[in-house]
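Breakdown of the fold
Single-letter residue listing:
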Amino acid sequence: MFLAQGEPGSRAWGQPQAAPGCSSPGCTEPAPPASPAGPCSGWGDVCPTRGPSLRLLERCKPSVAFLPGFFTCVGAQSGPARGEDGGKAAGSVPVAIATFATVVTSLLNRLQDAEGSRAETYRELESVLWGDESHLQSSEVDRVIAVALEDLRAAQGGTASVRTAASDVLVALARSHLCDVVSALQGHLKALEETSEEFVLITLRNLATRYALQCVPFAATTLSALRGVLSEVGSGRMLCAVCGGRSPCNLCPGEPGLGLKQARRPVQGLHQSETLVRSCFPSCAAVLEQWCSGISMYFREGEKGAFPRLGPAQLCAHVYPLFCYVSRKRQCCEEEEVKQAVLRAMGAMMGVLLHVEEHREHAWEHLLWLLHQYREVWDPSGVTVSLGYFLGAVADIQTRVPRARHLAIATAVHQQLCDEMEPPSPEHRAELCRCMVLQARICPEETIEFLYYKLRNGNKADRVAAVAVLQALVRSDAPDTREKLPLFAKLVQSVCHDPAAQVRRAVLHFIGELLRSSALGCSAWDVVGHLFSEFSRASGRLAMGNLSMVKAREERAVQSLCAHVLGTLDVSAGAVAKLLWPKLLWYVVPAKYTGMLVPLCRCLRSLAERRDRAEQEQEEAAPEALESEEPAALPAPQALLARLLVVAAVAPHAGGGRGAAALQLLQALPGTIHGAVGAKWAADIPLLLQHLAGTTASSLDVAEWESLLLKFLQTSLELIASEAWTVGLSQELSRQLGSSPRLSWEKRFLYKALGTALAACGCLHHVQEQTLEHLKAANFLELWQAQGMVSVVSRCAESHFQLALSLVKEFTGTLKRKKSKARRTRATRAALLVMYGRMALRAPREQLLARVERDVVANVLQLYREGCQDAQLKLSLVQSITEISLAIQAAGAGPRFELCCKRELLQTLLEVIQEEPQESPVHPRALVAMQQLSKLKPRLSREENRHLLAQCCQGIVCLRRPEQMDRRGQTAVAASCPPGVQAPSLRALGQLMGALLWAELAPIRFEDMVQVLRRWLTSAHACERERALQVCVQVLGSYEERCEHRRGRACEWFGSLAGLLGPLTCDTSAASRWWAVTCLGHLLRTGAENTDVAPWTNEIGRLRERLSAITSESLLATSTNIAKVTGPWSAET
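Since the structure is predicted, the reported quantities are computational estimates derived from the model, not experimental observations. (Residues numbered from 1 in each chain as written. Predicted model: local features only at pLDDT ≥ 70, side-chain atom pairs only at ≥ 80, totals over all residues. Heavy atoms only, no water.)

This paragraph deals with the overall build of the protein. Looking only at helices and strands, the protein has 53 helices and zero strands in total. Expressed as a percentage of its 1133 residues, the buried residues of the protein come to 53%. Restricting the contact set of the protein to residue pairs at least 6 apart, pairs at least 24 apart contribute 75%. Accessible surface computed for the protein: about 49900 Å², of which carbon and sulfur atoms make up 52%. (Helix = DSSP H or I, 4+ residues; strand = E, 2+ residues; numbered from the N terminus. Buried < 20%, exposed > 50% of the residue type's maximum accessible area, 1.4 Å probe, protein only. Contact = heavy atoms within 4.5 Å. Areas by Shrake-Rupley, 256 points an atom, 1.4 Å probe, with all protein chains shown as cover.)

Right, let's get into the packing of helix H30 (residues 637-649) against helix H31 (residues 658-668). Taken N-terminus to C-terminus, the directions of H30 and H31 make an angle of 150°; their axes are 7 Å apart at the nearest point. When the interaxial angle is binned, H30 and H31 end up roughly antiparallel. Every pair of crossing elements has a handedness; the one defined by H30 and H31 is left-handed. The segment H30 lies against H31, with Leu 641, Leu 644, Leu 645, Val 647 and Ala 648 engaging Arg 658, Gly 659, Ala 662, Leu 663, Leu 665 and Leu 666. (Axes fitted to C-alpha atoms, helices over the stretch in contact; angles between N-to-C directions. Parallel < 35°, antiparallel > 145°, perpendicular 65-115°, else oblique. Left-handed = near helix turned anticlockwise from the far one by under 90°.)

Among the structural elements, Gln 340 can be located in helix H14 (residues 336-353). A relative accessible area of 14% means that Gln 340 is categorised as buried. Apart from residues no more than four positions distant in its own chain, Gln 340 is found in contact with Val 377, Asp 379 and Gly 382.

A separate point is the packing of aromatic side chains. Overall, the coordinates contain eight aromatic pairs when judged by the stated rule. Residues Tyr 587 and Tyr 593 carry aromatic rings whose centres are separated by 5.5 Å and whose planes lie at 70° to one another, so their mutual orientation is edge-to-face. Tyr 593 matches Tyr 587 in its accessibility class, with the two residues each being buried. Taken together, a centroid distance of 5.4 Å and an interplanar angle of 35° make the contact between Trp 681 and Phe 712 tilted. Here Phe 712 lies in helix H34 (residues 702-720) and Trp 681 lies in helix H33 (residues 678-693), a separation of 31 residues in the sequence. Here Trp 681 and Phe 712 have matching classes, each one buried. One aromatic cluster in this structure is built from Phe 532, Tyr 587 and Tyr 593. Geometry around Trp 745 places Arg 748 over its ring, the cationic atom sitting 4.6 Å from the centre. (Phe/Tyr/Trp six-rings, centres within 6.5 Å; stacked < 30°, edge-to-face > 60°. Lys NZ or Arg CZ within 6 Å of the ring centre and 35° of its normal.)

Glancing now at the environment of Gln 872. Within the secondary structure, Gln 872 sits in helix H42 (residues 871-890). As for Gln 872 and Arg 826, which are separated by 46 residues in sequence, their C-alpha atoms are 8.4 Å apart.

What follows is about the pattern of salt bridges. Counted according to the given criterion, the structure contains 36 salt bridges. With a closest N to O distance of 3.5 Å, Lys 583 and Asp 526 form a salt bridge. With Lys 583 in helix H27 (residues 574-585) and Asp 526 in the loop between helix H24 (501-517) and helix H25 (527-544), the pair connects residues that are 57 residues apart, well separated along the chain. Of the residues examined, Asp 526 reaches a relative accessible area of 36% and is grouped as partly exposed. One salt-bridge network, held together by shared partners, links Arg 504, Glu 534, Arg 537, Arg 541 and Glu 555. (Salt bridge = Lys/Arg side-chain N within 4 Å of Asp/Glu carboxyl O.)

So, about H25. Structural remark: α-helix, 3.6 residues per turn; residues separated by three or four positions point the same way. A rise of 1.5 Å per residue sets the reference length of H25, with its 18 residues, at 26 Å; its end C-alpha atoms lie 26 Å apart and thus fit the reference within 8%. Positive phi appears at Gly 545, one or two residues downstream of H25, with a value of about 75°. (Expected span 1.5 Å × (residues − 1).)

Over its 12 residues, helix H4 (residues 118-129) runs 16 Å from end to end, which matches the ideal 16 Å to within 8%, given 1.5 Å per residue. Ala 119, Thr 121, Tyr 122, Leu 125, Glu 126, Val 128 and Leu 129 are the residues of H4 that are buried. The elements touched by buried residues of H4 are helix H3 (100-112), helix H5 (138-152) and helix H6 (160-186).

Moving on, we come to the confidence of the model for the protein. The share of residues in the protein with pLDDT of 70 or more is 73%, and the mean pLDDT across the chain is 77. Of the regions scoring below 50 in pLDDT, residues 1089-1094 engages in six contacts with residues more than four places distant in sequence or in other chains. (pLDDT = per-residue confidence, 0-100.)

Turning our attention to the packing of helix H12 (residues 287-301) against helix H13 (residues 312-329). Close contact between H12 and H13 brings their axes to 12 Å; oriented N to C, the two are set at 150°. With respect to H13, the axis of H12 lies roughly antiparallel. Like other packed secondary-structure pairs, H12 and H13 cross with a definite hand, here left-handed. On the side of H12, the interface is formed by Leu 288, Cys 292, Ile 295, Tyr 298 and Phe 299, while H13 contributes Pro 312, Leu 315, Val 319, Leu 322 and Val 326. Class assignment of the residues belonging to the contact of H12 with H13 gives a composition of 10 nonpolar, no polar and no charged. (Nonpolar A, V, L, I, M, F, W, Y, C, P; charged D, E, K, R; others polar.)

Mapped onto the elements, Lys 592 comes out in the loop between H27 and helix H28 (597-621). Sequence-wise, Lys 592 and Ser 536 are 56 residues apart; in three dimensions their C-alpha atoms are separated by 6.3 Å. Setting aside chain neighbours within four positions, we find Lys 592 in contact with Phe 535 and Ser 536.

Now for the state of the cysteines. Within the structure shown, the criterion is met by zero disulfides. Looking at Cys 601, it has no disulfide partner, and the nearest cysteine sulfur is the one in Cys 603, 9.5 Å off. Overall, Cys 603 belongs to the buried group, its relative accessible area being 0%. (Disulfide = S-S within 2.5 Å.)

Below, the structure is given as structure tokens:
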């Protein structure tokens, strides 16, 4: 038994009695065998030597590093000197000499003086006791225990938070003074009539939880004390407190410090002790459960303890009376709280009793009752915990379980796992799986048979639960289950094609566990392949687009789980690394696994780095070992390079950063791709990653990023310098091009990469054959195919310009044998026209100037004239002429180079302008092409330029014939634009006139333009006047910008142009009036000698706003004022 406080032989404030032969007065156990180190040396921390010692003094160093900020209050505050009975030192405590004992004493003083928050002070004291310097002298230990017990048992005035903090301090103190703490608590185990006494039980529970093995020597006396408590009180409340129930750690809101009797009013018709069970305290673990759990642990690991071995019979002798008592009382339990407490305690005690033969059958008799509780209690988790205690003990004693009992246990647990109405919580599910794992240890054949039956004949919930149990078996990694991993994999493989999403997710979880555990189970089933096939399966169902919202959400969950399983793999194990390295590489290339590329690249990067380290170590140890190893079958390096470049180029920020993951994998695979690129990639790829990291999905310049990647590819091919390797890359790009989805950015980049590869290929026969094959197979009606073929041929022309010209010409010859009006033929001609211009832009300089007129321009004009000259063909023509002109300018044509067909090209463009309707999209582009042609030699004469401008104005400014306009449904009003908004074609015409003007800056050439525009400025049609004014504004503005240095010079055309523009300020069209005043403003700034004309231009701007008046008198007055402003400046000219 135990000694209660106040009885003979007990110590004040719960000092424990000394065990015989032990120097520590707090030891309650029989003395261990004598040893040279002293009577207590074999007990370790259970019964530490009391009093100061050299070792203790060495550990109490001046600095206490685990209390940051505490020494401020200790060193800064000073208190009155106290006597020895007060236990306090006089004066302040300097920080430099503060010791562990000093800190504890200071905190105890604060508690006794009621300074500050008691709960907070207890927390600080607990932190100190958990520190490294945690050994105290006997008087200090007694003082801590006394102060904590006083608050722990406070009947009034104490709050739950203070009691909880005091209990935690005792638990922390027990780390090095367990004997003292347990003995003190045992001294207070008496009839618990007050709520405050329940904290003694809570502290005992916490001690058993934290110091399970160390508490075993105290188990006999503690269990005897608990039996005495139950027999004396005998209430449901005390049964709940001892077995487990609700803890006073957290009271209900608004009821701080209430005792159990004060928490709620008694319910009428019930006994007072029964009403107390309806407490508001949260659930906590049982004292009895924890101590019995510690005894079970001791049975398994008792040899590791530092105290003499105690037999099962000795400990079970104290458990059995409690078991019988609780077993009798459980029939009277009606409250759910008490039921849960009894269940957990019964299970823990049954687990202990199974270790003794004479009590074993008694424990088995209660098994069916325990399983029946699944139907009786609201929360079945307590039943599962108790069953876990029981099965753990059965597995420890290695006894055979009858088949009927095994089936009953397995069925009950499996039904809980399959409950779809009230699914178990994650914690409960884990405990249920643990019970099944214990079942597999006890009866392996029967458990496998049971799971196989559920997988084959059960419903969806049965299959999910069975797979979850198999996953738990794999996770357990027990020696007896490790060899059965292939069998587990085959069992799960039987349901891998189950259509239910829940089963598919369960299989994926199992695969993840299998891959993390061992490669042995993976050899029986291609789990990696199933992982990717399941992802593809989900992607295919989502692509169909006929799923409901719930089904689509399930399929996306499957996809996410596939990526998660792959992303959480640990590839550090050698067997798993050998299994994954060749397999995972094969899943990089197929486009259907793009969503898995981020975790896939991460795994492969780790595997590649591990492989490189292993090869270096083997090479240093035994170089001949590497030669004997057979290389693993890997995908073609060209396929890996092509796929990773495509992934890096297309939406690199999508999918969690696929672009960066692909580039990082490339950086880890230089040896796998080609040995010549290692050093260059080590320098270039970090720069690409840095560029990508500095952008987002919205700020990334796609054209610039693709250009960087294509440049990277070109540099890599130059380093490889292998004709066969480059041919293989172009073939792989063609294969991926054929399998990529239509209208995708992936296909567009593949076209560009293919052109880059063909440009780097030295085998001209292969280049010719593959390029011609793609030209013949392309459907130029599809815009993306037309643009792609333009990219292929033009990039090929960078290195094979002559071959590209001959290929395009050969392919053009096939069009003559087809109907010229066929829609596909027209689209093909338009693409070929663009192709010639793009080839000119990328062609080498010397080759371009030598062949541009004969093999480029001539073929362009021939293609255009032989085709049906619709709008698409005309747009392609003007784009091709523009790019050819830009290419000649970029090639730096010397003074002797002249484009002899320049006049022919200009005439063709004039015909295009005349043939197209007004405001056609062809007009501005044709004028841009003329502008670029005007920069090339030979230069046109003054008369030719004037004629060219007149023809352009005829096609752009002039209205169509009335009958044509009526037939098109257009009017003159519809052709006009709002004031201040220029039509694109008129803006392009003004830019062309400016380009012709800059050849020579003599003012007399401007007179030609004035003469050309005069006809349209004085036209009888308001729309023609307005359009001419827009062109005039563009020309005058350009002239003003370029002729800043000529300001103030007399110009012959100034007065005449001002005379033309003046009457237009009174035009019937508001837009014409607006444009006319704008032209006058430009004239004013250009022709004035005084450059400070800001006041006059501001006046012109204010007068322009008045031109929107609708009365003729207001318009005339405003026009007169404008004439007064511009008159003095025009008179000078």
